[in-house]
Amino acid sequence: MDLEMLCRAFQETRPWLDNFRQKTYPKAFQAYTERFGPVYEAAVRQAGDENALQALAETVLDGIEAGWKKQRLWNRSAARVEEKQMAVDYLAPMLLKSSLPGCRTLCTLLQDGWAARWPKDAYQTADYETLLGGFRNTVMGIELPKRRGGRERA
């Protein structure tokens, strides 16, 4: 198990969060999955049962918490917000999309472990397709009507 890479999936926020936009998210998600997917799948295979997956989730959460403690005091909150965003935007959808059933379990264990440790900062998960479908087409905060076949709908 490569704990450093498992934690990096949370901690390495750039360029991933910068690419969480309608046009760049699919390519960024694919690159993220190629980078961190094999590491998480190997860890899940190595863990085997649910008790070992629980221990894995706790170890990863301990690792990211240790990373926050290395940050300057005034940067810790921002680091937590960005890492939670990574869990929502990239890690959870990647784990939910995996063909290994243990990955879905690990996703739930990470989410529940986060909520138990930091109850005021809990997060919800969604799959990749839901996130991708949730982008709105806006310009300067004004939502544009959807186009169908190149023409405006009447």
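Residues numbered from 1 in each chain as written. Predicted model: local features only at pLDDT ≥ 70, side-chain atom pairs only at ≥ 80, totals over all residues. Heavy atoms only, no water.

**A closer look at the pattern of salt bridges**
Piece 1. What the rule picks out here adds up to 9 salt bridges.
Piece 2. Taking the shortest distance from any N to any O, the salt bridge between arginine 117 and glutamate 58 comes out at 2.8 Å. Of this pair, arginine 117 sits in helix H5 (residues 101-117) while glutamate 58 sits in helix H3 (residues 50-70); the two residues are 59 residues apart in sequence, bridging distant segments of the chain.
Piece 3. The class for arginine 117 is partly exposed, based on a relative accessible area of 25%.
Piece 4. Of the charged contacts in the structure, one is a salt bridge between aspartate 121 and lysine 84, with a shortest N-O distance of 2.7 Å. You can see aspartate 121 sitting in the loop between H5 and helix H6 (128-133) and its partner lysine 84 sitting in helix H4 (residues 76-97), a full 37 residues away along the chain. As far as burial versus exposure is concerned, aspartate 121 and lysine 84 are alike and both buried. (Salt bridge = Lys/Arg side-chain N within 4 Å of Asp/Glu carboxyl O. Helix = DSSP H or I, 4+ residues; strand = E, 2+ residues; numbered from the N terminus. Buried < 20%, exposed > 50% of the residue type's maximum accessible area, 1.4 Å probe, protein only.)

**Looking at the nonpolar core**
Piece 1. In this structure, Phe10, Tyr32, Tyr40, Leu91 and Leu110 are the most contacted members of the largest nonpolar core, which totals 46 residues.
Piece 2. Listed by contribution, the elements that provide at least two residues to this core are helix H1 (3-11), helix H2 (25-47), H3, H4, H5 and H6.
Piece 3. For leucine 91, the contacting residues outside a window of four places in its chain are Ala9, Phe10, Tyr32, Tyr40, Met86 and Leu110. (Core = buried A, V, L, I, M, F, W, Y, C linked by side-chain atoms within 4.5 Å. Contact = heavy atoms within 4.5 Å.)

**As for the packing of aromatic side chains**
Each aromatic ring pair is described using two quantities: the centre-to-centre distance and the angle formed by the ring planes.
Piece 1. In this structure the tally under the stated criterion is 15 aromatic pairs.
Piece 2. Both rings, one in tryptophan 114 and one in tryptophan 118, keep their centres 4.9 Å apart while their planes meet at 70°; by these two values the pair is edge-to-face. Neither residue differs from the other here; tryptophan 114 and tryptophan 118 are each classed as buried.
Piece 3. Every member of this aromatic cluster is reached through a ring pair, and the members are Trp16, Phe20, Tyr25, Phe29, Tyr32, Phe36, Tyr90 and Tyr128. (Phe/Tyr/Trp six-rings, centres within 6.5 Å; stacked < 30°, edge-to-face > 60°.)

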